[in-house]
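Observations on chain architecture
Listed below are the residues making up each chain.
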Amino acid sequence: MDKPNTDVIQGTLDLLILKTLSLEPMHGFGISRRVEQISRGVFKVNPGSLLTALQRLERAGWLDAEWRDTANSRRARFYWLTRAGKKQLELETDDWARRAAAVARILKAET
Amino acid sequence: MSLWRQLTRGLRALTNRAAADQDTADEVEDFFEQATAALEASGLSPDEARRTARLELGSTLAVREQVRASGWEHLVETLFADLRYGARRLRASPGFAVVSAITLALGIGASTAIFSAVYPVLFERLPYPAAGRLTMIWDVGPDGSRNDVTFGTYRELLERNRSFESIAVMKPWGPTLTGSAEPERLDGQRVSVAYFRAFGVAPALGRDFEAADDQLNGPGVVVLSHALWRRRFNGDPAILGRHVMLDDDPYTVVGVMPATFENVLLPSAQLWAPLQYDVSLPVQGTEWGHHLRMVGRLKAGVGIERATDELGSIARTPVRDFTRPRWASLENGLTVDRLQDAVIRSVKPALVAVLGAVLILLLITAVNVTNLVLARSALRREEFAMRVALGAARPRLIRQLVTEGLMLAVLGGGLGMVVALVGVPLLVALSPAALPRSSAIAVDGAVIVFAAGLTILIGLIIGVVPASNVLRSDAHVGLQRHLRRSVGGRQWTRGVLVVAEVALAVILTVSAGLLLRSLQRLFAVDPGFDAARLLTVQVQASGHRFSNLAATQQFFAEALDAVRRVPGVSAAALTSQLPLSGDQDLYGAHFESSPLQRADESRGTFRYAVSSSYFETLGIRLRRGRLLDARDVTGSPLAVVINESLARRRFPGQDAIGQRLHVGPQSGPWYTVVGIVSDVKQMSLGASQEDAVYMTTTQWHFADNPQWFVVRAWSDAAALAPLVRQAIWSVDRNQPIVRVATMDDLLAATAADRRFALRLFAAFGVVAIVLAAIGIYGLLAGSVAERRREIGVRSALGATRARIVGMVARQGMMLTGLGAVIGLIGAVAASGALVGLLFGVSRLDPVAYFGVLTLLVSVSAIACCVPAWRAARVDPAITLRAE
C-alpha cells in the first residue's frame, strides 16, 4: 500500500511557517516538528523545502534570524516574525480561510 | 517585499560564497543533529537514529544544494560559470571562434551598415514638426505624370484651397557670391513667402520672409543656411542687416536658419531669397511656366484624400478671377503626395532591394555559423551524455549551449559594429549622389538597438538549434563510442542547413547577375553621340554687364574661341543644356501644319541653344537636310534642326524639312526646320526617346546663362580641365565655373542607383557563395571523418578509389542540386522586387540564371574535391586497426 501523502499543500508552506513562528521564535527543526505535531502527522516538512522557504521569507523581510544558544546549550539559527511578517500572516490567513471555505462549499454542493 | 534585503543578502552570498555556504551547512547540520537527537530520545539507538534521519530527510548535501540554488544570486553564479566555461571552450578552438566571429561580423556589420543607411531614408519621419502633414502638390500631365506647377496655379490654389494651412512654391537659384573672398557660385532657392512656415521651421537668427518681401521688384533680402553663415561669415551674429553681393546686386541678410534645418527638397541649398513674381500674372511671363515645385502643409485633421478631392474640384471649376492659359488649364487635375514619399520615390526600389539582399546575407551567415556549431557539438556529444548521466538537468545544458551561442554572437556583433562604423561612410561614398537625406545617415541609437537585437536573435538561433539537436538523442548513445557511426539525424539537420545556404546564395547571385546584365544593356544603349574624350564645363556669366544679351553672347563666344586654342582640344562647342547632365529645359513645339495633338500638349520638347559647331563636336549624326552653321546668325532667317523621333512622330510619311514652328509662346517668331539629326538621350540612358529642337545661340531671343562648354580632346579629356578653365578665365577672371565633368562621369552617374545596387549585390553574392562552399566543404569533411571506418571497410572489400570519390562527391552535389533548385525558385520570386531596377532584361533572363548555376556548380565541385580526395586516401589497414 502507498504511504499516505504527507506533503504540505502547495502554496501553504509559508503560511504554516509564519503561523508557527507567531507563537514564539524557533529554529528550523523546531518548526518542522511543531508543524508535524500540530497537524498530527498529516504534514511533514522536508528540510530542503523548509530551509529554502526560511531563506526566502527572511529575504522578503517577514522574518528575522539569528544564531542563538538553544535550551540544551547547542547553537541553532532562530527565526522570529517581523512586523511585516505579522501583517503578512494576517493577510495569508484571511486569504486561506476564504479559499478553503470556497473549496468546502464546492465539495458540499448537491449535484 | 523587501528589495533591499533581497539585494544585500544576494550580494553578500555572491561576494562571500564560502561564508554563506558555511552558514547554510551549519544550519543543515544542526537540523540533522536535532532530528537525530529527537529520534534517540524516542528510544532508538544512536546508529539507528542516524540512519532513520538520513532515510527520512535525505542527504545533507542535497538539502544544502537546494537552499543554495533558491536565491537569485544562484542564477548569476551559474551564468558566470557558463560564461567562464564557454570562454574556455572558445579559447580551446581558436580557429572555430575566429571563423565564426568573422562570419557573424560580416553579416551583422553589413546589415547594420545598410540598416543605418536605409532607415532614415525609408522609415524615419522627416525632421519637421507634424511632418506627416507635409505634402507635395503636382500638376498632372496627360499621361498621368507629375509635372511642376506654374505660379498662376499657385496663386489660384493659395486663394481657393481650404485644406492647407500653408502652401509655398520654390525654384532653384544659383547666385554668385562676391566680396572679400573669391567669387563662389552657391546653390540656393527662390521661394514664396510661406516656404519656411510650411515646413514649420523658423530662422534661428533674425526673421522669416514677410509678405512685403515677396512682390515684384521687392527688396533684395536673403536668408542664409547655418552652414554658409559659419563658413563664409564666421558665424558672426552681427550679420543681420548686412549687405552681401549676389550676382552684383546687394542683398540684405534678414535671417539665418537653424543648424538642424534639413532642406530635403534641395539639400545643397545654402541661401534663400523671395520669389518676387508678378501677381498680375502676365500671360507671356515666367509666371505661367511649369517650373515650380509646390509644398503644402495640411491643416490638422485634414487627410490627404480630402485635400486631393478638394484640389481636384478646384481644378475642374475655373473661376473668373483666375483665368488659366491653355497649357496650365489643370484639365488633368492635381495630385498630392506625402512629402516623405515624394522625396524617396526615386531611390526606394534600390534601397528596398539592397535591404533585402543584406537580410539574405545575414541569414546565410547565421546558417553558416549554426552549421559550424552543430559540427562542433557533434564532437561534444560524449561530454553532454556524461553530464546528463551525472545528473545535470537538461534545461541547464540548454542554457549553457544558448549562453555559448550568445557569447559567439556578441563577439561577432561587437566586431560587426566595427564593420558597420567603417562601412557606413563607405556606403555613403558609394551611394548615388541623388540619395535623399544622406546627411541623416549615421550610426545612432536606433542603429545600435538594431544591431544589439540582431546579435541576440542570432545568438539564440546558434544556441538553440544545436541544443535541441544534441539533447534529442539518448544519453547512453553518446557514451558508447562505437555507436558514433549512427550519424543520421544530425547530418540531416546539417544537410538542410547547407541546402538553405546554397538556396540563399543562389537568390543573391541571380539578383546580382540580373543587375549586371541590366547595366551591360544600359551601357550598350547608344546615347546618340560619341561620349569618349569629352569634357564638359558649365560656366555662369555673372554680374550686371551680363543683363545685356549681346554682352553675354560676346563673353561666351570669346571664351569658346579661347577654349578652342587650348592645345589638345580637337573641337569645342557651346550648348544651353547638356545631355545626361540632369538639365531639363522643355518648351512647347507648335508646328504650323501639324497642330498639337492633345497627347503632345504638355509633353514638351527639349530646346538646345547651341553654337554651330555643336553637332560636329558631339558627333550627333545628320539624317536629312543640313546642320546649323555660320549662316544662322542674328538677322538671317530663323532656322532649327529637329531630331528624328520628333520628325517621324509629327510628320509621318512626310518631309519635315521646311516646316515652320513656334518654340514656346505662339506669339513668338516662326522658325524653319532645316535639318534632321539622330536622337540624343537627354535625361538618362534608360529613358525613352525624347523630342528635341536645336537653334543657334544668336537666333534665340535671350542669352542662356549658365551655358555648357563641350570640349572634344585628342586624348585624355580629364587632363584638359585645368587648361580649359584657364582659357575661360583668360577672357574674364570673375566668371564662376559651376561644374566640370567628363561625359564618362555623367554617363556613369545616370546609372548610379543601379550601379550602387549591383556593387552591393555582387559583394554580398560573392560572400554568400564562399559561405555556401564552406558549408558544403564542412559538411562533407565532417561526414568523411565520421565515416572513416565505413570507408575503410568498403575499400577493404574492394571498392575502388573512384567509387569512394564518387560516393562523397555525390553527397555534396546532391545538396548543391537541391539548394540550387530551391534557390532558383526563390530567385524567380525575389526578382519581382528587382523589376524597378532592371533595364532591357527580363527578370527571367536565362543568361543570368545559367551563369549563376555554372558558377555554383563549379564552386561546389571544388568544395567537394578535398573531402573526396581525403576519403579516397583512407587506408583500410590503418582505419580498421584503430578500432
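Summarised in this report is the structure supplied together with it. Every value quoted in this text rests on a predicted model; they were computed, and no experiment measured them.

Regarding the overall build of chain A
- Secondary structure assignment for chain A yields four helices and three strands.
- Counting from the amino terminus, helix and strand elements in chain A follow one another as α-β-α-α-β-β-α.
- Oriented by its inertia axes, the alpha-carbon framework of chain A measures out at about 60 × 40 × 20 Å.
- By residue count, 28% of the 111 residues in chain A fall in the buried class.
- Sequence-distant contacts in chain A: of pairs separated by 6 or more residues, those separated by 24 or more amount to 48%.

Points about the pairing of strand E3 (residues 75-81) of chain A
Residue and element names in this part refer to chain A.
- Of the pairings in the sheet, the one linking strand E1 (residues 26-27) to E3 comprises two bridges and is antiparallel in character. Bridged to Met26 within E3 is Tyr79.
- As paired strands, strand E2 (residues 63-69) and E3 are joined by seven bridges and run antiparallel to one another. Directly across from Asp64, in E3, lies its bridge partner Trp80.
- Joining the antiparallel neighbours E2 and E3 is a turn of five residues, in which Ser73 adopts a positive phi near 50 degrees.

Some remarks on unusual backbone geometry
Residues and elements named next belong to chain B.
- You will see that Asn217, though not glycine, has its phi angle at about 55 degrees, which is positive.
- Mapped onto the elements, Asn217 comes out in the loop between strand E7 (205-206) and strand E8 (221-224).
- The phi torsion at Gln276 lies on the positive side, around 55 degrees, for a residue other than glycine.
- Among the secondary structure elements, Gln276 is positioned in the loop between strand E11 (271-274) and strand E12 (293-298).
- Judged by the 18 C-beta atoms lying within 10 Å of it, Gln276 is partly exposed.

Some points on the interface of chain B and chain A
- Contacts between chain B and chain A engage 20 residues on the former and 15 residues on the latter.
- In terms of residues, the side of chain B that touches chain A owes the most to one element, helix H2 (residues 17-41) of chain B, which gives seven residues.
- Among the residues forming the side of chain B that touches chain A, the class breakdown is nine nonpolar, seven polar and four charged.

Topic: the packing of helix H23 (residues 752-786) of chain B against helix H25 (residues 801-831) of chain B
Residues and elements named next belong to chain B.
- For the pair H23 and H25, interaxial distance at closest approach is 10 Å and the crossing angle is 145 degrees. Crossing handedness for the pair H23 and H25: right-handed. Here Ile776, Leu780, Ser783 and Val784 of H23 come into contact with H25, specifically with Val808, Gln811, Gly812, Leu815 and Thr816.
- Taken together, the residues of the contact of H23 with H25 sort by class into five nonpolar, four polar and no charged.

Concerning the pairing of strand E9 (residues 243-246) of chain B
Residue and element names in this part refer to chain B.
- Residues Val244 and Leu246 of E9 are buried on one face, while the alternating residues His243 and Met245, pointing to the opposite face, are not.
- Across two bridges, the pairing between strand E4 (residues 176-178) and E9 is antiparallel. By the bridge assignment for E9, Thr178 is matched with Met245.
- With four bridges connecting them, E9 and strand E10 (residues 249-256) associate as antiparallel partners.

Examining H2 of chain B
- Taking 1.5 Å of rise per residue, 25 residues should cover 36 Å, and H2 of chain B covers 36 Å from first to last C-alpha, within 8% of that figure.
- Along H2 of chain B, the residues classified as buried are Thr24, Glu27, Val28, Phe31, Phe32, Gln34, Ala35 and Thr36 of chain B.
- Considering only its buried residues, H2 of chain B is in contact with helix H2 (28-38), helix H3 (47-60) and E3 of chain A together with helix H3 (46-57) and helix H4 (60-68) of chain B.
- Count one or two residues on from H2 of chain B and you reach Gly43 of chain B, which has phi positive near 115 degrees.

Quick word on the nonpolar core
Residue and element names in this part refer to chain B.
- In terms of nonpolar packing, the biggest core is built from 101 residues, with Ala357, Leu361, Val506, Leu508, Ala757 and Ala768 touching the most fellow members.
- Listed by contribution, the elements that provide at least two residues to this core are helix H6 (94-123), helix H12 (348-379), helix H14 (394-430), helix H15 (445-472), helix H17 (488-524), H23, H25 and helix H26 (846-872).
- Per-element tally for this core: the top contributor is H12, with 18 residues.
- If we skip the residues at most four places from it in the chain, Ala757 touches Ala350, Ala353, Val354, Leu515 and Leu837.

Brief notes about the environment of Leu560 of chain B
All names here are of chain B.
- Looking at the secondary structure, you find Leu560 in helix H18 (residues 549-564).
- Considering only alpha carbons, one finds Leu560 and Val710, 150 residues apart in sequence, at a separation of 9.5 Å.
- Once residues lying within four places of it in the same chain are set aside, the contact partners of Leu560 are Ala572, Leu574, Ser611 and Phe709.

Section: the sheet that holds E3 of chain A
- With antiparallel pairing, three strands are arranged side by side in an open sheet as E1-E3-E2 (chain A). The open sheet is flanked by E1 and E2 of chain A, the only strands paired with a single partner.

Brief notes about the environment of Thr617 of chain B
Residue and element names in this part refer to chain B.
- Its place among the elements puts Thr617 in helix H19 (residues 614-618).
- Judged by local crowding, Thr617 falls into the buried class, with 23 C-beta atoms found within 10 Å.
- Taking the C-alpha atoms as reference points, Thr617 and Arg88, 529 residues apart in sequence, are found 72 Å from one another.
- Contact partners of Thr617, with chain neighbours within four places excluded, come to Ala571, Ala572, Ala573, Val710 and Arg712.

As for the packing of helix H1 (residues 13-23) of chain A against H2 of chain A
All names here are of chain A.
- In the contact formed by H1 and H2, the axes pass within 10 Å of each other and the chain directions differ by 100 degrees. Accordingly, the angle class assigned to the pair H1 and H2 is roughly perpendicular. Mapping the contact onto sequence places Leu16, Ile17, Thr20 and Leu21 in H1 and Ile31, Arg34 and Val35 in H2.
- The residue inventory of the contact of H1 with H2, partitioned by class, reads five nonpolar, one polar and one charged.

Some words on the environment of Phe164 of chain B
Residue and element names in this part refer to chain B.
- Checked against the element boundaries, Phe164 lands in strand E3 (residues 164-173).
- Given 25 C-beta atoms within 10 Å, Phe164 falls into the buried group.
- Along the backbone, Phe164 and Arg306 are 142 residues apart, and their C-alpha atoms lie at a distance of 11 Å.
- Apart from residues no more than four positions distant in its own chain, Phe164 is found in contact with Gly296, Arg297, Leu298, Lys299 and Ala307.

Rules used throughout
- Residues numbered from 1 in each chain as written.
- Chains lettered and ligands numbered in written order.
- Predicted model: local features only at pLDDT ≥ 70, side-chain atom pairs only at ≥ 80, totals over all residues.
- Helix = DSSP H or I, 4+ residues; strand = E, 2+ residues; numbered from the N terminus.
- Buried ≥ 20, exposed ≤ 12 C-beta atoms within 10 Å, placed from the backbone.
- Contact = placed C-beta atoms within 7 Å.
- Pairing = 2+ DSSP bridges.
- Nonpolar A, V, L, I, M, F, W, Y, C, P; charged D, E, K, R; others polar.
- Axes fitted to C-alpha atoms, helices over the stretch in contact; angles between N-to-C directions.
- Left-handed = near helix turned anticlockwise from the far one by under 90°.
- Expected span 1.5 Å × (residues − 1).
- Core = buried A, V, L, I, M, F, W, Y, C linked by C-beta atoms within 7 Å.
- Parallel < 35°, antiparallel > 145°, perpendicular 65-115°, else oblique.

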